[in-house]
Amino acid sequence: MRFDVLTILPELLHSPLNHSIIKRAQERNIVDINIHNIRDYSPYKHRQVDDYPYAGKGGMVLMIEPIYRAISHLQTKVAYDEIIYTSPDGERFNQKLANELSLKKNILILCGHYKGVDHRVREHLITREISIGDYVLTGGELAAAVIIDCIVRLLPGAINDEMSALSDSFQDNLLAPPVYTRPAIFNNWKVPDILLSGNEKEIERWKLEQSIERTKRLRPDLLNES
Ligand code: ADE
C-alpha cells in the first residue's frame, strides 16, 4: 500500500510515522509513506502557500494553486483510490472506515491548516473528507498520522501476531478483554486464576464474557452499531 501526504508541516508527520510498527512496516515494504511539502509546489514568491480570505476576517487560507500542482504532479506517477482531506467537517474516522481504507492501494491525504483551504480544493480535487473526532486541531497533520497509523497496523504482516489486529477493541463492536503479564501477584493484586489455568476453552469463554461486560458498562453505544 502507498500513502502520499501533502502538508505545509512535514516535520509534524516524520516522527509519528517513523517508530515501532509503522517504521517496521515501511522497512518490510508493506507500506510506502511519502511526505511532501506543499511549499515545493508553490508558483509564488517566497514559496507562499496561504493568503487572506476574500470577504473574511482572521486566519489565512491555503491557496488552491500549490495544492493543485502538487496533486497533478503526483497523479502523473500514481493513480489514487482516494484523495482525502483531513477536516473536522468530515465523516467520522472509526475502525470500520480504517478496515475499508486498508483494502485500497494508493491513498493521498491532504492536511488542512489554519482557517482551512480554498473551498474549490474541497469541491474539485478531493474524493472524501475525514474527521478523527468532534474537536478542532491546529491542523490536519496529527489527524493524518492517526489515520495512517490505524490503517497500516491492519496490513498483513505489519503486526507479528497475525491474530492481534483482529482481536482489537472495536473489531466486533466489542472492547478488548483485559490483559495481564508477570508477576502473577503484585502488591497482593492477583491476575485472574482462569488465565493461569491453561484451560484454553474456558479462557476464551472468559475473554468473551469480559469483552461483553466491559462494552455494556463502558461503551453501550457500540452494541447498537451494525
Ligand atoms: N483538522 C482539524 N481538526 C481536525 C479533526 N478533528 N479531524 C481531522 N482533521 C482536523
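Residues numbered from 1 in each chain as written. Predicted model: local features only at pLDDT ≥ 70, side-chain atom pairs only at ≥ 80, totals over all residues. Heavy atoms only, no water.

Overview of the domain arrangement of the chain
No. 1: Domain annotation for the chain reports domain 1 (2–152) and domain 2 (167–224).
No. 2: One C-alpha centre belongs to domain 1, the other to domain 2, and the line joining them spans 37 Å. (Domains from an automatic or database assignment.)

As for the nonpolar core
No. 1: By size, the foremost hydrophobic cluster in this structure holds 30 residues, and its most contacted members are Phe 3, Phe 93, Leu 101, Ile 109 and Ile 148.
No. 2: Secondary-structure elements contributing two or more residues to this core are β1 (2–7), α2 (20–27), α4 (95–101), β6 (106–111) and α6 (141–152).
No. 3: Examining the composition of this core, we find that seven residues originate from one element, α6, more than from any other.
No. 4: Residues contacting Phe 93, with those up to four places away along its chain left out, are Ala 98, Leu 101, Ile 130, Ser 131, Ile 132, Val 146, Ile 147 and Cys 150.
No. 5: Within the second largest apolar cluster, 20 residues are counted, among which are Leu 6, Ile 71, Leu 74 and Tyr 85. (Core = buried A, V, L, I, M, F, W, Y, C linked by side-chain atoms within 4.5 Å. Buried < 20%, exposed > 50% of the residue type's maximum accessible area, 1.4 Å probe, protein only. Helix = DSSP H or I, 4+ residues; strand = E, 2+ residues; numbered from the N terminus. Contact = heavy atoms within 4.5 Å.)

Some words on the sheet that holds strand β2 (residues 32–37)
No. 1: Pairing in this open sheet of five strands is parallel, and the strands run β2-β1-β6-β5-β7 from one edge to the other. Each edge of the sheet is formed by a strand with only one pairing partner; in this case those strands are β2 and β7 (128–131). On average, adjacent strands in this sheet sit at an angle of 30 degrees to one another, irrespective of strand direction.
No. 2: Pairing analysis gives five bridges linking strand β5 (residues 82–92) to β7, with the strands arranged parallel. Bridge pairing links Ile 84 to Arg 128 in β7.
No. 3: Each of β1, β2, β5, β6 and β7 touches α6; the most contacted strand, β1, lies at about 175 degrees to it. (Pairing = 2+ DSSP bridges. Axes fitted to C-alpha atoms, helices over the stretch in contact; angles between N-to-C directions.)

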